[in-house]
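Structural overview
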Amino acid sequence: MPAAADMGMAVVPTRIIYPGEEIAPSSLDVVEVTNPNLAGDFARSVEEVTGMITNRTLLPGRTILVSSLRVPYLVKRGANVRLTFGIGNMTISASGSPLQNGSVGDVIRVRNIDSGLSVSGTVMADGTVQVMAK
């Protein structure tokens, strides 16, 4: 059986963190792993989970599974976003309303406010949604 020092470290909450809540470094602690049966994709560094959103309730002193985390949504359903569509050197833009939440790189459905049509687009890092050609 390996010594506890060889088992590494794990990040645990210091308080209850609820689903949909952004994880702050002040709510975390790093502890030594002492359970030889602990398995899974648990977080090992504070940087790995800081700013992430949890999909489940995290309990104090319990390891945080990386699979239970997601990046924060950049665009939220019902908010206003700028739709862009590029053809060569020309870019067309319009106002849109996301029909679903999305993080950078997600493909989401967005309603064009001017035409009322729903289109699919990719959430970009600047908060715009780049519309795909059909």
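Below or above, wherever it landed, is the structure these notes cover. All of these numbers come straight from a predicted model, not from anything done at the bench.

So, how was this worked out
- Residues numbered from 1 in each chain as written.
- Predicted model: local features only at pLDDT ≥ 70, side-chain atom pairs only at ≥ 80, totals over all residues.
- Heavy atoms only, no water.
- Helix = DSSP H or I, 4+ residues; strand = E, 2+ residues; numbered from the N terminus.
- Buried < 20%, exposed > 50% of the residue type's maximum accessible area, 1.4 Å probe, protein only.
- Contact = heavy atoms within 4.5 Å.
- Core = buried A, V, L, I, M, F, W, Y, C linked by side-chain atoms within 4.5 Å.
- Pairing = 2+ DSSP bridges.
- Salt bridge = Lys/Arg side-chain N within 4 Å of Asp/Glu carboxyl O.

Observations regarding the environment of V129
Among the secondary structure elements, V129 is positioned in strand β9 (residues 129-131). Here V129 falls in the buried class, since its relative accessible area comes to 1%. Once residues lying within four places of it in the same chain are set aside, the contact partners of V129 are V81, R82, L83, T84, I108, V110, G121 and T122.

Quick look at the nonpolar core
Grouped together as the largest cluster of nonpolar side chains are 10 residues: V11, I17, I23, L28, A43, V49, M52, L58, I64 and L69. Apart from residues lying up to four places away in sequence, L58 is in contact with P13, R15, I16, I17, I23, I64 and S68. Grouped together as the second largest cluster of nonpolar side chains are nine residues, V75, V81, L83 and V129 included.

Some details on the pairing of strand β7 (residues 107-112)
Side chains I108, V110 and N112 of β7 all project onto a buried face; the interleaved residues V107, R109 and R111 project onto a face where none is buried. Here strand β6 (residues 90-98) runs beside β7; their pairing, made up of three bridges, is antiparallel. By the bridge assignment for β7, G96 is matched with N112. What sits between β7 and strand β8 (residues 118-123) in their antiparallel hairpin is a turn of five residues, with G116 showing a positive phi close to 80°.

Remarks on the pattern of salt bridges
Throughout the structure, instances matching the rule amount to one salt bridge. Close ionic contact of R15 with E21 constitutes a salt bridge, the shortest N to O distance being 2.5 Å. Assessed through its relative accessible area of 35%, R15 is described here as partly exposed. Since its relative accessible area comes to 23%, E21 is described here as partly exposed.

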